[in-house]
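The chain contents come next:
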Amino acid sequence: LGRHKDDHRPTHFEYNGVRFGQDNLNVFAGLCAVDTPEHVEMMMKALQEHGQVCTRMGAYKPRTSPYAFQGHGKDCLPWVFELAGKYGIKVIAMEITHESHADEILEALKQTGNPTGVMLQIGTRNTQNFELLKIVGRQREFPVLFKRGFGITLDESLNAAEYLASEGNRNVVFGLRGMKTNMGDPHRNLVDFAHVPVVKRLTRMPVCVDPSHSVGTRNRAPDGLLEIFHATMQGVIAGANMILVDFHPAPTKALVDGPQALLMEELPLFLECVRNAREAYEKN
Ligand code: PEP
């Protein structure tokens, strides 16, 4: 992925008709956690209406408390995939926390006739789960969204990503999602999107930013714009190639991370901000 930059492997890959490269941009707006078929359908319908073919949907949720909702797991996969097919979604970013989850996803895709594709997400809590990384690296079916560890150095995270490549899977996107500093940050995490060009310089991976888990609130800046929008545009201006962002049709009913979810009616403005920031980046 770049630790051994001794050859000229490409800085892009294609999966299910979608290109992931250091030179383009894909938006993955969606639910942090799958809850009801109604909410999933509302989300996917809105995405189709706005020309989007990617989304994020969490079925397996790594939670701080064992008593918190853990995700619907494999039970929701068939109907989530069928709804994705119905609305033309080509790639769903979906976190897995155990090797069996990749098998369950593969099985559910087969059962439903492969109506969509899945990008396996390795969350920040598993950045250095080397055994999981080796297993995910050995499978070639799915590309991977690999998130930076929130409390380790960038170099440690980049080395951890190499576990995927060392086992053969080079279809990896590197995700920035903010860092924990324990310094009383005004956001959920310290936004680290200035590292987009650094990761692009050091590796071949396209770089994702996750403004939802970085900012973590719906606070508004003095100019009236949500701080999540500002962080998103900062990421895009820095050259981000993918945006992972939480939306929810009814955030107060969301089972995970409702307070950081954007509203469905905010989707058009969000996409417009992304387009404008990308145009500005490309002009430079
Ligand atoms: C998520 O994207 O749902 C998530 C839990 O992210 P992170 O691993 O960055 O906390």
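Note that this is a predicted model, so its numbers are computed, not measured.

(A) Quick look at the packing of helix α1 (residues 37–49) against helix α2 (residues 77–86). Two elements in contact, α1 and α2, have axes separated by 9 Å at closest approach and are oriented at 25°. As far as their axial angle goes, α2 and α1 are roughly parallel. Along this stretch, α1 crosses α2, giving a crossing that reads as right-handed. In this structure, α1 uses Pro37, Val40, Glu41, Met44 and Gln48 to contact α2, whose residues at the interface are Trp79, Val80, Leu83, Ala84 and Lys86.

(B) The side chain of glutamate 95, seen in detail. With respect to the secondary-structure elements, glutamate 95 resides in strand β5 (residues 91–95). An unpaired buried charge is present at glutamate 95: no salt bridge exists, and lysine 61, the closest side chain of opposite charge, is 4.8 Å distant. In terms of polar contacts, glutamate 95 uses its side chain to reach the backbone amide nitrogen of glycine 123, at 3.4 Å. If near-sequence neighbours (up to four positions away) are discounted, glutamate 95 is found in contact with Tyr60, Pro62, Gln121 and Gly123.

(C) Fine view of the packing of α2 against helix α3 (residues 99–111). Contact geometry of α2 with α3 gives a least axis separation of 9 Å together with a crossing angle of 55°. Looking at the two axes, α2 sits oblique to α3. Between α2 and α3 lies a crossing of right-handed hand. Two secondary-structure elements touch here, α2 through Leu77, Pro78 and Phe81 and α3 through Glu104, Ile105, Ala108, Leu109 and Gln111. Across the contact of α2 with α3, the residue classes tally to six nonpolar, one polar and one charged.

(D) Structural detail: the site of the ligand. As a matter of local geometry, the ligand sits amid Cys32, Arg56, Lys61, Glu95, Gln121, Gly123, Thr124, Arg125, Lys147, Arg177, Asp210 and His213. In the model, an oxygen atom of the ligand is placed 2.8 Å from a nitrogen or oxygen of the threonine 124 main chain. Arginine 125 places a side-chain nitrogen or oxygen 3.0 Å from an oxygen atom of the ligand. Considered on its own, the ligand offers 290 Å² of accessible surface; in the complex 97% of this is hidden by protein.

About the cut-offs
- Residues numbered from 1 in each chain as written.
- Predicted model: local features only at pLDDT ≥ 70, side-chain atom pairs only at ≥ 80, totals over all residues.
- Heavy atoms only, no water.
- Axes fitted to C-alpha atoms, helices over the stretch in contact; angles between N-to-C directions.
- Helix = DSSP H or I, 4+ residues; strand = E, 2+ residues; numbered from the N terminus.
- Parallel < 35°, antiparallel > 145°, perpendicular 65-115°, else oblique.
- Left-handed = near helix turned anticlockwise from the far one by under 90°.
- Contact = heavy atoms within 4.5 Å.
- Buried < 20%, exposed > 50% of the residue type's maximum accessible area, 1.4 Å probe, protein only.
- Lys, Arg positive; Asp, Glu negative; His and termini not counted.
- Salt bridge = Lys/Arg side-chain N within 4 Å of Asp/Glu carboxyl O.
- Polar contact = N/O pair within 3.5 Å; in protein donor to acceptor, adjacent residues only side chain to side chain.
- Nonpolar A, V, L, I, M, F, W, Y, C, P; charged D, E, K, R; others polar.
- Near = heavy atom within 4 Å.
- Areas by Shrake-Rupley, 256 points an atom, 1.4 Å probe, with all protein chains shown as cover.

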